[in-house]
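# Report on the structure
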Amino acid sequence: MTLHTRPWLDSVAPYVPGRRAPSPDGSMASNESPVPTSQRVVEAIASAAASATRYPDPLADALRAELADQHRVHPDQILVGNGSDELIFLLAIAYLAHGGRAICADPAYQVDQISARIVNADVSGVPLRDWAHDLEAMAQLPATIAYVVNPHNPTGTVRSRADLQRFVRAARADLVVIDEAYIDFTDDPAARTALPLARAGQAVVLRTFSKIDGLAGLRVGYLVGDRDIVATLRKIRAPFSVGSVAQAAALAAARDHAHRARVRSHAIAHRADLTCLLRRAGYQVIPSQANFVCVITPDEAGLLDRLAAHGIVARPGSALGLPGSVRISVPSSRGLALLAAALG
Ligand SMILES: Cc1ncc(COP(=O)(O)O)c(C=O)c1O
């Protein structure tokens with residue numbers, strides 16, 4: 001018997017994660033939280049671990065109820081997933097498989113493109129304008145799904161809520177997906193959540209517990225949108241994709257507003273310091289609203305080597321579709337000191 005892979009999979013390149021650094025302080029490749037896990041989350045994890053013999057709640061009802069309350073939507077408008085990545089894959093399976101068309105910014109968040117290619121969809125990238133989504137150009141293109149990552153990864157730029165509202169009205173796409181993985185780190189008053197669009201069923205919003213809540217290792221994200229979309233995705237998801245410990249941790253994190261505020265202040269203050277350090281060292285840095293900054297440099301490898309000599313691992317822009325750049329996550333205070341030494 002000869003087993004043939006589906007032919008379109010031959011051209012799919014797998015996702016390449018950021019490399020691990022020798023120490024957590026030097027870890028600046030994956031936009032993880034440099035702030036220690038909230039004590040309330042640690043306690044919730046310990047207590048949930050005692051019930052590890054049981055299957056988890058398939059739909060994470062307690063977490064959904066909390067999120068529905070916070071976002072003022074019905075729980076049926078929320079789907080919890082194994083990281084927002086799982087939800088991106090479900091959207092691709094449900095709406096893009098066999099002949100769908102995806103449009104993204106170029107560069108896009110890699111998983112948006114990979115998930116679309118895996119289901120044999122056509123993917124178009126629209127070049128950034130001033131390092132931000134060119135929503136006006138994206139709106140012209142017919143598509144099944146248009147992806148907007150706001151703040152954008154890997155540049156950290158944002159488009160305003162008014163721009164997104166205009167885009168949703170003008171877009172020729174059947175569905176607009178707005179990924180807000182980094183929305184909690186914004187301090188530009190124009191950068192506001194698109195949740196009102198999701199509430200009204202005009203867009204789908206993706207959120208994650210991996211960034212502001214620092215739970216990247218536990219894999220929890222969620223989608224807010226139209227009930228029919230949620231119902232469709234529920235049909236195709238794996239029934240127990242989010243474990244009980246992860247659900248308990250996410251619920252505790254969602255309620256720990258003080259911890260979120262601490263992580264946000266840390267990110268905003270250290271982002272300014274990081275930008276300043278890099279600019280003083282002569283690098284061009286794109287102003288960022290996320291928990292990372294993107295450095296434009298003709299010598300990507302040179303900057304990565306300079307950082308690596310001080311135990312810092314950052315992400316090469318060439319791995320993110322933006323050659324000639326390096327993405328550096330906002331670090332801990334000790335990480336910032338490592339950076340100062342590397343650049344000094
Ligand atoms: C824009 C964007 N969306 C989604 C994710 C993935 O989130 P999760 O860890 O919830 O799968 C990331 C992770 O880096 C991201 O940058």
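## Brief notes about helix 8 (residues 227-236)
Every buried residue of helix 8 is accounted for by Ile229, Val230 and Leu233. Seen along its axis, helix 8 keeps its buried residues to an arc of 100°; they face one direction. Among the exposed residues of helix 8, those oriented more than 90 degrees off its buried face are Asp228 and Lys235. With a side-chain oxygen positioned 3.0 Å from the backbone nitrogen of Asp228, the residue opening helix 8 is Asp226.

## Regarding the domain arrangement of the protein
Taken domain by domain, the protein holds domain 1 (39-256) and domain 2 (258-343). Put simply, the middle of domain 1 and the middle of domain 2, counted by C-alpha atoms, are 25 Å apart. Taken together, the contact between domain 1 and domain 2 spans 26 residues of the former and 23 residues of the latter. Buried area between domain 1 and domain 2, both sides added, is near 2,100 Å², and the carbon and sulfur share of it is 55%. When residues of domain 1 are sorted by the area they lose upon contact with domain 2, Trp131, Phe185 and Asp256 head the list and together hold 29% of the total. Residues Asp187 and Arg271 are paired through a salt bridge, measuring 3.2 Å at the closest nitrogen-oxygen approach. The tally of links between domain 1 and domain 2 comes to 13 residue pairs in polar contact (both at pLDDT 80 or more). Each residue belonging to the side of domain 1 that touches domain 2 can be placed in one class, and the counts come to 13 nonpolar, eight polar and five charged.

## Thoughts on the site of the ligand
Taken together, 13 residues are adjacent to the ligand, and Ser84, Asp179, Tyr182, Thr208 and Ser210 come closest. The separation between an oxygen atom of the ligand and a polar main-chain atom of Asp85 is 3.0 Å. For the ligand, whose unbound accessible area comes to 390 Å², protein coverage reaches 93%. Ranked by residues supplied to the shell around the ligand, first place goes to helix 3 (residues 83-95) with three residues. By residue class, the composition of the shell around the ligand is four nonpolar, five polar and four charged.

## A word on the environment of Arg64
Its place among the elements puts Arg64 in helix 2 (residues 61-71). Classification of Arg64 as buried rests on a relative accessible area of 8%. Separated by 179 residues in sequence, Arg64 and Gly243 have C-alpha atoms that sit 14 Å apart. In this structure, Arg64 is in contact with Leu59, Pro75, Asp76, Ile78, Val80 and Arg234, ignoring residues within four places of it in sequence.

Rules behind the numbers
- Residues numbered from 1 in each chain as written.
- Predicted model: local features only at pLDDT ≥ 70, side-chain atom pairs only at ≥ 80, totals over all residues.
- Heavy atoms only, no water.
- Buried < 20%, exposed > 50% of the residue type's maximum accessible area, 1.4 Å probe, protein only.
- Helix = DSSP H or I, 4+ residues; strand = E, 2+ residues; numbered from the N terminus.
- Arc of directions from axis to C-beta.
- Polar contact = N/O pair within 3.5 Å; in protein donor to acceptor, adjacent residues only side chain to side chain.
- Domains from an automatic or database assignment.
- Contact = heavy atoms within 4.5 Å.
- Buried area = accessible area lost by both parts, 1.4 Å probe.
- Salt bridge = Lys/Arg side-chain N within 4 Å of Asp/Glu carboxyl O.
- Nonpolar A, V, L, I, M, F, W, Y, C, P; charged D, E, K, R; others polar.
- Near = heavy atom within 4 Å.
- Areas by Shrake-Rupley, 256 points an atom, 1.4 Å probe, with all protein chains shown as cover.

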